[in-house]
Amino acid sequence: MNRRTKFLAGGAVIVAVLAYMIYAGVTQSAVYFVTPGELRAAAVPGKAYRLGGMVVPGSLKWEARALDLSFTLSDGTATVPVRHKGTPPDLFAEGRGAVVEGSWTADGYFKASLIMAKHSEEYKAPHDGTQAGYQELIKTLRGDGR
Amino acid sequence: MTVDLGYGMTLVALVLAIYGGAAAAVGARAGRPALVESAQHAALGVFVLITACFALLTYAFLTFDFSVRYVATNTNLGTPFYYRITGVWGALEGSIILWSWMLGLYTLILILRHRDSARELYPWALATMLGILAFFLLVMTIAAPPFQRQVPVAADGRGLNPLLEDTGMITHPVALYLGFTGFTVPFAFAMAALITGRVGDTWLVLTRRWTIVAWYFLSLGLLIGGWWSYHVLGWGGYWAWDPVENAAFMPWLTATAFLHSVMIQERRRMLKLWNIVLVILTFGLTLFGTFLTRSGVIASVHAFTQGSIGALFLGFLALVMLTALGLVAWRWEALRSQGELDSVVSRESAFLLNNVLLIAAAFTVFFGTVFPLLSEAVRGVKVSVGAPFFNQVNVPLFLSLIFLMGVGPLIAWRRASLENLKKNFLWPVVLGVAAAAAAFVLGVRSALAALTLATTVFVGATIGVDFVRATRARLRVGEALVPAVGGLLRRHNRRYGGFVVHLGILLIALGVTGSHAWSVQTEATLRRGETAELAGYRFRFDDLTAVEESNHFKVVGAFTVSNGRVLDVLRPAKKFYPQEQSPIAYVDYRLGLKEDVYLVLGDFARDGTQATIKLQVNRLVSWIWIGGVVLTLGALLAILPERRTPA
């Protein structure tokens, strides 16, 4: 094998390994964004989702001693009960949008491992979920623009 | 008044920059030095005008001139003096001014340094700089004008984003932008080289130090950003693979690749094409990063059409890349390599592999960052790959890179003999293996941590071997130890600057490994007087007090931390800003070489009898900051002018 073939072979191996690593990485860590309605329609227990909706006013319960947080997310068409172990993040409140990451359980609730509190350098106008309507809210959460 | 004056100056600066760019280009093409000289005057004028704009905006901030919309949205009467100054670049419009100002400054330095030294390349480089500067001034006039009237004039402003009220925010954007804009200079010289057809080594030698300067600032910016994230955001981490972070990391990776491949071209006349492409890519990525973070595209592919800034940046990026790559195609023949690789086991291939891995890392970061956009555009579903993706793909890449850091500098050029390998690498390999074994005996069971440790020790040992050998050689000719070491660093400052940077990277790698493998955290709700325990530390909740500050109100908890004896009282807080709907956490911590104790106040009872806290013991994180200091010192050493004559 001459030098050129050696280098080409080496390059091909590197590219193949890299492509595999990216493929494996994507398939293992891809998380789908769903709304409560979409989740209700076809929930796969144990699969990771990113669920976005409005925290239904009056649904928020926080047991400080036990660190149990529970609330309901809604997109206007369906609601999903969510449970989380831990303190609610700063930007989290009833009547506002929230995105949670976790999985659907066979017991009929969404087990959130992470509640997202995004930071932004730009000053964002406060988002009033009740006035803007669900459509608008989900659009912002999904970042969809459609 | 302020608005008219500021906007007017921006417009004049724009016209001057366009004129200067055109004059320099025509002057270069027609060989008329008078035109180039006129372009120099224009550049000076542009710089003075941008400086005046910057000063005017700062003055508006200091005097609470709420007739300027940008001032009204980013400050209020309670904002402390310090943060009224940093508020100037606290949001998009102001950062564009800062960016243009730095670009203007770099253009002036370029004029002063290269006016007489690079006659053929210089006018074209100047034209490129002014052209790019004109683009940013265009952004300042049409897409994100900082000087815009606020009607009616507000009685009080809205205030700065509270997260930016931190000393890190003074330095972080400045360093980051000095890095970003710094890469414009190498790009300008690369363009000049392509246009004139002088694609040899001149442009490379001219831009080598410029690139290290930009790289130094970008590294500094990334490190300060990590520190800000760690001590302000309150999640206990320093890097989240956030698009904003990735945007700055990608050009850092390609610039690092360039700093290494430059040596191959200098030594072996190879990789000419590759080097030009790396410079173009790095500059393109700085534009792409700005596009990504400023256009709103990251939230959605459809969002960027809402503001003109996204379209403007994307258009300019396309123009720059097409022009640059078109020029590369035009000069294809001249860019072909003269040298040939001799052997797979050689310094050239180690460097080549280093470049391939750095580009691969840059590509994976790029891919992961735009993946949600791609999936949305192609399949209509928003799918994100988070930190797990980036970690999973990048950890093996970075481990290999660190390993190469040990091999590259010592392996022989052209073809390494078995003798050469044994002489340089026997001891480092032994020490690396010994370190892994020692770690295992001491109870480290994470294979990844052990592997990182072994690699780190191996690389550290190669640097030690080289340094000891070189010092010995000097001692043998009769020099004393201190002058010998000093002379070595000074005479071969690029080589040893590089080694010091490598040492910094090793320390950072240790910190990252330690914090990932061994950090622990928990949450607890405590009544007054109760304690929580974590990793041998006890945290006692003492009390909760309310404090009024100039522009906010805060609730501060006091927690006594002890591990057998009392160590400290930590006071994490929650800050309530009137303009914000939600409170902002204020972290308190106790830093240490072995571990940091990190405390966040999560929630509290209004009567102050109960508090929920998040406790973390973060292992070895301090080494990231120490490594950062070492790395920047190394970069500074490498920037010093090389001294060829004996001291």
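Note that the structure is a prediction, hence the values are computed from the model and not measured.

All names here are of chain A. Among the eight residues in strand E2 (residues 48-55), seven count as buried, and that is most of the element. Sheet topology places strand E1 (residues 30-34) next to E2; three bridges connect them, and they run parallel. Bridge pairing in E2 places phenylalanine 33 opposite arginine 50. What joins E1 to E2 is helix H2 (residues 36-41), and the crossover it makes is right-handed. Pairing geometry for E2 and strand E6 (residues 97-104), over seven bridges, is antiparallel. By the bridge assignment, alanine 48 is partnered in E6 with serine 103.

All names here are of chain B. Mapped onto the elements of the fold, glycine 326 is located in helix H12 (residues 308-330). Overall, glycine 326 belongs to the exposed group, with 11 C-beta atoms counted inside 10 Å. Sequence separation of glycine 326 and alanine 193 is 133 residues, and the distance between their C-alpha atoms is 13 Å.

This part takes up the packing of helix H15 (residues 418-441) of chain B against helix H16 (residues 447-476) of chain B. Describing two packed helices takes the angle between their axes plus the distance from one axis to the other. All names here are of chain B. For the pair H15 and H16, the least separation of the axes is 8 Å and the interaxial angle reads 145°. When the axes of H15 and H16 are compared, the crossing they make is right-handed. Of the residues in H16, those in contact with Asn424, Phe425, Trp427, Pro428, Val429, Leu431, Gly432, Val433, Ala435, Ala436, Ala439 and Phe440 of H15 are Ala450, Leu453, Ala454, Thr455, Val457, Phe458, Ala461, Thr462 and Val465. Partitioned by chemical class, the residues of the contact of H15 with H16 number 17 nonpolar, four polar and no charged.

Let's shift gears to the interface of chain B and chain A. Each partner contributes to the interface: chain B provides 40 residues, whereas chain A provides 33 residues. If you list the elements that add at least two residues to the side of chain B that touches chain A, you get helix H13 (347-379), strand E1 (383-385), helix H14 (387-407), strand E2 (520-527), strand E8 (584-586), strand E10 (595-604) and strand E11 (610-619) of chain B. Residues belonging to the side of chain B that touches chain A are distributed by class as follows: 21 nonpolar, 14 polar and five charged. Bridging between E1(A) and E1(B) involves three bridges; their strand directions are antiparallel. Its bridge partner lying in E1(B), A:Val31 is registered against B:Ser384.

All names here are of chain B. If you check H15, its first and last C-alpha atoms are 32 Å apart, about what 24 residues at 1.5 Å a residue would give, namely 34 Å. Within the span of H15, buried status applies to Asn424, Phe425, Pro428, Gly432 and Ala436. Where H15 is buried, its residues contact H14 and H16. A positive backbone phi angle near 105° is found at glycine 443, which sits one or two residues after H15.

Residues and elements named next belong to chain B. Counting all residues, the mean pLDDT for chain B is 90, and 97% of those residues have values of 70 or more. Mean pLDDT values for the elements of chain B range from 80 in E1 up to 96 in helix H2 (residues 33-62). Taken together, the chains of this predicted complex give a pTM of 0.91 and an interface ipTM of 0.79.

This next bit is on the sheet that holds E11(B). Residue and element names in this part refer to chain B. Judged by pairing direction, the sheet is antiparallel, and its four strands sit side by side in the order E2-E11-E10-E9 without closing on themselves. Either end of the sheet is taken by a strand with one partner, and the two such strands are E2 and strand E9 (588-590). Neighbour to neighbour, the strand axes of the sheet diverge by 20° on average, direction disregarded. In terms of strand pairing, E10 meets E11 through nine bridges, oriented antiparallel.

Below, the discussion takes up the packing of H2(B) against helix H5 (residues 92-114) of chain B. All names here are of chain B. In contact at an axis separation of 9 Å, H2 and H5 are set at 150° when each is read in the N-to-C sense. In the crossing of H2 with H5, the sense of the turn from one axis to the other is left-handed. Here Gln40, Ala43, Leu44, Val46, Phe47, Ile50, Thr51, Cys53, Phe54 and Leu57 of H2 lie close against H5, whose contacting residues are Gly94, Ile97, Ser100, Trp101, Gly104, Leu105, Thr107, Leu108 and Ile111. When grouped by side-chain class, the residues that make up the contact of H2 with H5 number 13 nonpolar, six polar and no charged.

The rules we used
Residues numbered from 1 in each chain as written. Chains lettered and ligands numbered in written order. Predicted model: local features only at pLDDT ≥ 70, side-chain atom pairs only at ≥ 80, totals over all residues. Buried ≥ 20, exposed ≤ 12 C-beta atoms within 10 Å, placed from the backbone. Helix = DSSP H or I, 4+ residues; strand = E, 2+ residues; numbered from the N terminus. Pairing = 2+ DSSP bridges. Right-handed = clockwise from strand over helix to strand, strands pointing away. Axes fitted to C-alpha atoms, helices over the stretch in contact; angles between N-to-C directions. Left-handed = near helix turned anticlockwise from the far one by under 90°. Contact = placed C-beta atoms within 7 Å. Nonpolar A, V, L, I, M, F, W, Y, C, P; charged D, E, K, R; others polar. Expected span 1.5 Å × (residues − 1). pLDDT = per-residue confidence, 0-100.

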